[in-house]
Amino acid sequence: MNFHSVHINLFLYQEGKCLYVVLLMAVYWCTEALPLAVTAMLPVCLFPTMGILPSKKVCVQYFLETNFLFLSGLVMASAIEEWGLHRRVALKVLKIVGVKPAWLILGMMITSSFLSMWLSNTATTAMMLPIANAILESLFGNVETLKENCKDKSDPEGWFGEIHIVCVTKARREAQYQMKVWKGFLICIPYSASIGGTATLTGTAPNLILVGQLKSYFPECDLINFGSWFVFAFPLMLLFLILGWIWIAFLYGGLNTRLCISKYDEREATEAKATAVIDEDYKKLGPIKFAEVSIAFFFILFAILLFTRDPKFITGWSIFFNKGYVSDAVTGVIIISILFFFPSQRPSLHWWFDSRASNTPYVPLLSWRKAQECVPWNIILLLGGGFAMAKGCEESGLAVWIGKHLQPLTQVPPSVAVILITAFIACFTEIASNMATIIIFLPVIAELVWTNAIHVKVNPLYFMIPATTGCSYAFMLPVSTPPNSIAFASGHLMVKDMVKTGFVMNILGILCVSLAMNTWGLHMFNLHTYPDWARPLNASSASVATYTIATMNMTG
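Residues numbered from 1 in each chain as written. Predicted model: local features only at pLDDT ≥ 70, side-chain atom pairs only at ≥ 80, totals over all residues. Heavy atoms only, no water.

(A) Just the pattern of salt bridges, in detail. Applying the stated criterion across every chain yields a total of eight salt bridges. Between Arg88 and Glu292 there is a salt bridge, with the nearest N and O atoms lying 2.6 Å from each other. Residue Arg88 is found in helix α6 (residues 85-97), and its partner Glu292 is found in helix α14 (residues 290-308); the two are separated by 204 residues along the sequence. Ionic pairing is found between Asp497 and Lys183, a salt bridge with its closest N-O pair at 3.1 Å. Taken together, the residues span a long stretch of sequence, with Asp497 in helix α25 (residues 495-517) and Lys183 in helix α10 (residues 161-196) at a distance of 314 residues. (Salt bridge = Lys/Arg side-chain N within 4 Å of Asp/Glu carboxyl O. Helix = DSSP H or I, 4+ residues; strand = E, 2+ residues; numbered from the N terminus.)

(B) Representation of the environment of Phe290. Note on placement: Phe290 falls in helix α14. Taking the C-alpha atoms as reference, Phe290 lies 9.9 Å from Pro347; in sequence the two are 57 residues apart. Those residues within four positions of Phe290 in sequence are excluded, and the remaining contacts are Phe342, Pro343, Ser344, Gln345, Arg346 and Pro347. (Contact = heavy atoms within 4.5 Å.)

(C) Broad picture of the side chain of Thr422. Here Thr422 is to be found in helix α20 (residues 414-428). Assessed through its relative accessible area of 0%, Thr422 is described here as buried. Those residues in contact with Thr422 that sit more than four places away from it in its chain are Pro466, Gly470, Ile510 and Val513. (Buried < 20%, exposed > 50% of the residue type's maximum accessible area, 1.4 Å probe, protein only.)

(D) Layout of the packing of helix α11 (residues 205-217) against helix α23 (residues 461-470). Across the interface, α11 lies against α23 with an axial gap of 9 Å and an inter-helix angle of 155°. For the element pair α11 / α23, the angle class is roughly antiparallel. Like other packed secondary-structure pairs, α11 and α23 cross with a definite hand, here right-handed. Contacts between α11 and α23 involve Pro206, Asn207, Leu210, Gln213 and Leu214 on the former and, on the latter, Leu461, Met464, Ile465 and Thr468. (Axes fitted to C-alpha atoms, helices over the stretch in contact; angles between N-to-C directions. Parallel < 35°, antiparallel > 145°, perpendicular 65-115°, else oblique. Left-handed = near helix turned anticlockwise from the far one by under 90°.)

(E) Structural detail: the UniProt feature "transmembrane region" (unreviewed entry) in the protein chain. When the UniProt feature table is mapped onto this chain numbering, "transmembrane region" (unreviewed entry) sits at residues 20-47, 59-80, 100-119, 223-248, 290-308, 320-342, 416-449 and 501-520. For the annotated span residues 59-80, helix accounts for 77% and strand for 0% of the residues, and the straight-line distance between the end C-alpha atoms is 32 Å. The annotated region residues 416-449 carries 85% helix and 0% strand content, and the separation between its end C-alpha atoms amounts to 15 Å. (UniProt positions renumbered as here; feature names shortened; annotations may be inferred.)

(F) Representation of helix α12 (residues 226-251). Between the first and last C-alpha of α12 there are 35 Å, a value that for 26 residues agrees with the 38 Å anticipated at 1.5 Å per step. Along α12, the sharpest kink reaches roughly 30°, centred on Ala233 and followed within four residues by the proline Pro235. Capping the start of α12 is the job of one residue whose side-chain oxygen sits 3.1 Å from the backbone nitrogen of Gly227: Asn225. (Expected span 1.5 Å × (residues − 1). Bend = angle between axes of the 7 residues up to and from the residue. Polar contact = N/O pair within 3.5 Å; in protein donor to acceptor, adjacent residues only side chain to side chain.)

(G) Layout of unusual backbone geometry. The backbone of Asn526 sits at a positive phi, close to 50°, despite the residue not being glycine. Following the sequence through the fold, Asn526 ends up in the loop between α26 (520-524) and α27 (549-555). On the accessibility criterion, Asn526 (41% relative accessible area) is partly exposed.

(H) Main features of helix α18 (residues 377-396). Counted at 1.5 Å a residue, the expected span for α18 with its 20 residues is 28 Å, and the 29 Å between its end C-alpha atoms agrees. Immediately beyond the C-terminal end of α18, within one or two residues, lies Gly397, with a positive phi of roughly 90°.

(I) Up close: the confidence of the model for the protein chain. Model confidence for the protein chain is summarised by a mean pLDDT of 78, while 79% of its residues fall at 70 or above. Put simply, α27 is where the protein chain has its lowest mean pLDDT, 40, and α12 is where it has its highest, 93. Low pLDDT (under 50) marks residues 257-264, which in the prediction has 14 contacts with non-local residues, meaning those over four places away or in another chain. In the model, residues 537-556 has pLDDT below 50 throughout and makes 32 contacts with residues more than four positions away in sequence or in other chains. (pLDDT = per-residue confidence, 0-100.)

(J) Inspection of the packing of aromatic side chains at higher detail. Applying the stated criterion across every chain, the model contains 24 aromatic pairs. Taken together, a centroid distance of 5.0 Å and an interplanar angle of 65° make the contact between Phe63 and Phe68 edge-to-face. On the accessibility criterion, Phe68 (37% relative accessible area) is partly exposed. Aromatic side chains Tyr473 and Phe475 sit 6.0 Å apart centroid to centroid with 20° between the ring planes, which places their arrangement in the stacked category. Across this residue pair, the class does not change: Tyr473 and Phe475 are buried. Cluster of aromatic residues (ring-pair linked, three or more members): Tyr191, Phe240, Tyr473 and Phe475. (Phe/Tyr/Trp six-rings, centres within 6.5 Å; stacked < 30°, edge-to-face > 60°.)

Here's what the structure looks like:
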């Protein structure tokens with residue numbers, strides 16, 4: 001009996017030490033008392049010294065295959081930015097959609113979301129905002145003049161007559177409308193960048209953290225890869241993007257009778273100027289270069305190979321290799337390795353026949369120096385810190401302890417729980433980075449389902465996917481995400497603008513995720529059944545029998 005008590009106390013002691021490290025990292029991540037990457041390295045210092053986990057188990061978490069997949073996406077993005085392919089794509093889309101406010105906002109959102117699927121959200125926003133400002137200045141003139149015209153310049157003494165007052169009022173209303181459209185342009189870019197990043201596995205770090213946590217808690221689960229995630233998340237992204245466009249265009253004056261009807265008025269001349277600005281910027285790029293064509297080819301190949309490796313709904317090309325040997329990380333590293341030796345200029349073969357002929361200087365599509373400068377290595381450390389923290393929670397028993405104490409939540413119907421989880425994560429990520437949010441809460445959600453499998457009988461993906469997606473839906477505050485901060489730093493947005501717009505965007509995002517999980521996601525990932533790969537090792541077949549979500553809703 002005494003030995004048993006000592007064993008229990010020792011076990012709880014391990015849990016307490018791990019909980020201390022988790023809370024310390026959570027506070028540091030939320031307050032940024034230390035740089036995020038430095039906080040991410042705390043497990044290397046604290047887990048071994050506190051006897052929670054040996055260093056050989058901690059350090060290996062910082063460069064799992066998930067990190068290599070993320071690294072390959074970052075390197076590909078660096079090559080795209082190096083040769084300006086992203087700017088050519090952006091201007092081409094804007095040329096296609098036209099310059100009427102609502103359509104131009106849509107064009108900005110489509111371009112930002114597409115680029116954000118492959119580039120970082122921050123880089124996309126930083127690239128698109130100068131383009132938006134140039135178009136807006138051609139449409140409405142100088143923003144400071146516009147702000148001045150928005151002020152009330154009425155004549156309280158009546159010195160200038162009724163006609164003058166009418167003209168001033170009309171000019172002020174027009175200036176206020178133009179200022180609203182300007183704000184709509186600025187606010188749609190960071191929002192669509194955040195939305196677009198959710199569509200691909202490499203688009204934003206939380207998606208990769210989901211994959212890493214699944215491999216840690218459920219090693220036999222192979223449902224989430226680049227292809228299967230894209231098939232699920234891309235329609236969700238499109239739905240949310242369209243609804244977000246309707247809301248932003250409605251709120252900031254873009255939706256009116258001029259949306260689809262060509263009507264001559266005083267605004268038509270300014271729209272023609274904006275079209276000329278876009279055309280001029282596109283012409284400045286010149287003819288498409290050999291390097292841009294090459295990058296586009298490898299980028300498309302990169303996406304196709306990742307998508308078709310094992311898309312689940314059809315047989316992928318991975319069957320030509322030993323099962324489990326080739327992952328998305330292998331595919332990504334193969335493609336980016338080619339970038340370091342493939343020439344950026346069309347090779348000349350004249351020197352093969354004439355040794356005196358000039359040869360094209362050899363410059364690869366991407367140099368290692370450029371990759372070092374552009375790749376945000378701090379994000380790699382953040383990913384590793386999240387995986388290390390999750391491993392510590394698992395090994396120490398903290399995750400099991402948390403899961404048992406959350407058992408009352410298992411009484412909530414799963415469909416309602418999806419909405420509550422997404423809403424909570426979306427609110428929390430307003431004050432903390434999306435990576436910190438998902439690193440803290442995803443292990444808790446996984447353990448909640450795993451520990452209470454006998455009572456819950458819910459596919460873990462049914463809760464983990466909404467949490468992952470929801471942590472990218474931070475729209476209400478300037479500090480919520482770097483893209484929000486960049487847009488706010490322009491000086492033309494107010495906090496109340498972001499709160500008013502972002503509150504509805506959060507609601508739309510939560511509803512879209514709930515719809516996706518209960519329609520196409522339900523069938524894609526077999527969420528209506530409790531999978532074999534999620535069964536606790538000590539549970540009998542009878543105790544973890546398959547239940548449908550519909551049954552759970554009736555019994556919950």
